[in-house]
Amino acid sequence: MPPSRLDGLYRSLLLTKFFCKGWGKPENLERLFAFRKIMSNRAACSQLVPRDYPVEITKEELHSDCKILEGKFISPLEIYMPGLVPDVAQNAHFQILLPLKWNDERYKPICIHLAGTGDHYFWKRRNLIAKPLLKEANLGAIILENPFYGLRKPKEQRASSLQNVSDIFVMGGCLVLESLVLLNWCERNGYGPLGITGLSMGGHMASLAATNWPKPLVLVPCLSWSTASSVFTEGVMSHSINWDVLETQYFADGNFRERLSKMVTVVDDAFVAGKHFIQNFNQSVEELRLDINETKDLVCGDSSSDVNLTVIRETTPEREQKQSKNLIHINRTNALNLSEPLLNKLLSNVRCELTQEEIDELNMKIHLALKRHNEEQQQAEGSSVAGSKLILEVKAEDKGAATTTTTTSTTTTAPSSKSVGSKIMEYISWGSSSSSPDGVTEEKRIPIDTTKQRWWEREALQFMRGMMDECTHLKNFSVPYDTSLIIAICAKDDAYIPRDGCTSLEDIWPGAEIRYLDAGHVSAYVLHQKLFRSCIIEAFERAKKKWVPEAERLCGQVNGVATGPPAFDNVPQGPTKQGD
């Protein structure tokens, strides 16, 4: 389904820019990438936070409907990675909501709520989700303040706009370890079952934290997905990033290209999103030609003309698509029956050099495919024009008004001086418009080597994708202990978090339940809070049925009351790596 227009409109109203100071110090990023490898292993990460990690309760209030505690502790990330966490963010602040009386002393559920983008302080999560859950299901809550937000926001930071890309990785590292501190605190104080949830960014942070808890844990991520890479490279959030600063810094400092780029890996194939095109070439050749009335894409010329042709990626940013014309989409799947080496060359990240044999093969295969389509179209339309065929369409646009002409040629047309394949390889993906002397707007192809600015954009975008996949892709982390306790809620039309081309949660976490809303990101957040709460309650009921009886069997009771949350204290350790 198409991305929500409301999501795009809402994001456009927010004028703040993210990452205005750039990527962050290369040495800090290098430390973070190395530390990610420890955090992605549950056995190693869970040992970073002792069970008796010190937590200070600073305030306790008794209200008519609940008890509210406030507390703080030093973020473990500051201990292991000194100098990365800003001074103001080093103390983790949290608020706890507890019922005045538990319905069942053997069942004291508590859920940690992590913040989404822009969710500062405690009041929003307390009033929208924590208090309603307390009233509806007697479910306790811990509301953790994000680093860089609220009480933990650096003075020089404007609103929620993180200044460096590295800040979001520091935020994630803090939240993962801080969640472990709070889960240990809950166990020490006899609470359980335990769970974690969040909306949008908070949902993804909750997913990362859940992978490192070595016991059953309820997980309900709302409006998030398997990686943050699509959020910052394809979603509407990507338009709020200061790409000029990132591109300039990336090429000005060789550390990013020479050292850091080698430490990150793009997990998902960038071409997966468009694979359906070539798979169904005969049925979808109209997508090759596109809609002339609605796009600026050239759909080629006859074989005797100077044909302009471009190969682009389906995941090219929207701003690049608007500036790049003459687009033909060729994706990784191979309905054109190209040889595998040729296909890989065409879709590589760098400019490819083809042999004349490969160029001839590419030209021939495209020619045959278009010829086949032309013959099928003539049969469908009952054409009686003997010996003629539609080679390609030529779009000519006057300055005053756009006009479209369709050019046909006979089968005896002389071959062009440069083949289609030659054009593809000579001018890979960028160009600019220029006006010819006769007043017709033509498309002028510019060789890739002379388009430094566009090359910078492409390289910076790829580096961003690799960084985000490296540190946030759930494939790089352990599978949660019990995936049957996971209920993820996603919006089908989410323009903030595109899912095309990203590995699905079902594949990464077998046994998890994924539910989809017919809504966009913003509308789901506004209209479906009740659904989010009901899914949290349902997941805790599953945990109660599956694990609380086992607690009684394993540990018994003291004076008729269960001693703490034994079900979650005595279970065997689960798998720590993907696929275990």
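Nothing here was measured: the structure is a model prediction, and the numbers come from that model. (Residues numbered from 1 in each chain as written. Predicted model: local features only at pLDDT ≥ 70, side-chain atom pairs only at ≥ 80, totals over all residues. Heavy atoms only, no water.)

According to the stated counting rule, one finds 15 aromatic pairs in the structure shown. Geometrically, the ring pair formed by Phe73 and Phe94 is tilted, given 5.9 Å between the ring centres and 45° between the ring planes. Separated by 21 residues along the polypeptide, Phe73 in strand S2 (residues 67-74) and Phe94 in strand S3 (residues 91-98) bring together distant segments of the chain. Each member of the pair, Phe73 together with Phe94, is buried. Aromatic ring contacts, followed pair by pair, group Trp23, Tyr250, Phe251, Phe256 and Phe463 into a single cluster. Geometry around Trp225 places Arg499 over its ring, the cationic atom sitting 5.6 Å from the centre. (Phe/Tyr/Trp six-rings, centres within 6.5 Å; stacked < 30°, edge-to-face > 60°. Helix = DSSP H or I, 4+ residues; strand = E, 2+ residues; numbered from the N terminus. Buried < 20%, exposed > 50% of the residue type's maximum accessible area, 1.4 Å probe, protein only. Lys NZ or Arg CZ within 6 Å of the ring centre and 35° of its normal.)

A separate point is the environment of Val55. Considering the arrangement of structural elements, one finds Val55 in the loop between helix H3 (42-46) and strand S1 (56-62). On the accessibility criterion, Val55 (19% relative accessible area) is buried. Separated by 18 residues in sequence, Val55 and Phe73 place their C-alpha atoms 5.1 Å apart. Once residues within four sequence positions are removed from consideration, Val55 is found in contact with Lys72, Phe73, Phe94, Val181, Trp185 and Arg188. (Contact = heavy atoms within 4.5 Å.)

A separate point is a nonpolar patch on the surface. Nonpolar side chains collect at one region of the surface, where Leu128, Tyr525, Val526 and Leu527 lie side by side and expose about 380 Å² of accessible area between them. Tracing the backbone shows Leu527 in helix H19 (residues 521-527). (Patch = residues over 30% accessible without salt bridge, like charges linked within 9 Å, V, L, I, M, F, W, Y side chains within 5 Å. Areas by Shrake-Rupley, 256 points an atom, 1.4 Å probe, with all protein chains shown as cover. Salt bridge = Lys/Arg side-chain N within 4 Å of Asp/Glu carboxyl O.)

Here the focus is the pattern of salt bridges. In a structure, side chains of opposite charge can pair up when their charged atoms sit close to one another. Applying the stated criterion across every chain yields a total of 18 salt bridges. Glu187 serves as the salt-bridge partner of Arg51, at 3.0 Å between the closest nitrogen and oxygen. On the criterion of sequence distance, the pair formed by Arg51 in the loop between H3 and S1 and Glu187 in helix H6 (residues 165-188) is long-range, its members being 136 residues apart. A residue is classified by how much of its surface remains accessible, and Glu187, at 4% relative accessible area, is buried. Arg125 is the salt-bridge partner of Asp119, the closest N and O atoms lying 3.2 Å from each other. Each member of the pair Asp119 and Arg125 is classed as buried.

What follows covers helix H9 (residues 243-252). The complete set of buried residues in H9 reads Trp243, Leu246, Glu247, Tyr250 and Phe251. One side of H9 holds all its buried residues, which, seen down the axis, span an arc of 115°. Residues of H9 that are exposed and point more than 90 degrees away from the buried face comprise Asp244 and Ala252. (Arc of directions from axis to C-beta.)

Mapped onto the elements, His521 comes out in helix H19. Polar side-chain contacts of His521 include one of 3.1 Å to the side chain of Ser200. (Polar contact = N/O pair within 3.5 Å; in protein donor to acceptor, adjacent residues only side chain to side chain.)

So, on to the side chain of His473. Here His473 lies in the loop between helix H17 (452-472) and strand S16 (487-491). Not counting residues up to four positions away in its chain, the partners in contact with His473 are Ser226, Thr227, Val267, Asp268, Met468, Thr503 and Ile508.

Tracing the sequence through the fold places Arg125 in helix H5 (residues 123-137). With 10 residues separating them in the primary sequence, Arg125 and Ala115 have C-alpha atoms 7.7 Å apart. In this structure, Arg125 is in contact with His113, Leu114, Ala115, Asp119, Ala130, Ile143, Leu144 and Glu145, ignoring residues within four places of it in sequence. A distance of 2.8 Å separates the side chain of Arg125 from the backbone oxygen of His113, its partner in a polar contact.

Time to look at unusual backbone geometry. Note: most peptide bonds trans; most residues except glycine with negative phi. With omega at 0°, the peptide bond leading from Gly192 into Pro193 counts as cis. Note that Pro193 resides in the loop between H6 and strand S6 (194-199). Positive phi, normally seen in glycine, also occurs at Phe19, with a value near 60°. We classify Phe19 as buried; its relative accessible area is 0%. Within the chain, Tyr121 stands out as a residue other than glycine whose phi angle is a positive 65°. With respect to the secondary-structure elements, Tyr121 resides in the loop between strand S4 (110-114) and H5.

Let's shift gears to the environment of Leu48. Among the structural elements, Leu48 can be located in the loop between H3 and S1. On the accessibility criterion, Leu48 (13% relative accessible area) is buried. Between the C-alpha atom of Leu48 and that of Val181, which follows or precedes it by 133 residues, the distance is 9.8 Å. Setting aside residues up to four positions removed in sequence, Leu48 forms contacts with Phe35, Ile38, Tyr80 and Leu177.

Turning our eyes to something else, we now look at H6. For H6, spanning 24 residues, the distance from its first C-alpha to its last is 36 Å, which sits close to the expected 34 Å at 1.5 Å a residue. The element H6 is largely enclosed, with a buried count of 23 among its 24 residues. Gly190 sits one or two residues past H6 and shows a positive phi near 80°. (Expected span 1.5 Å × (residues − 1).)

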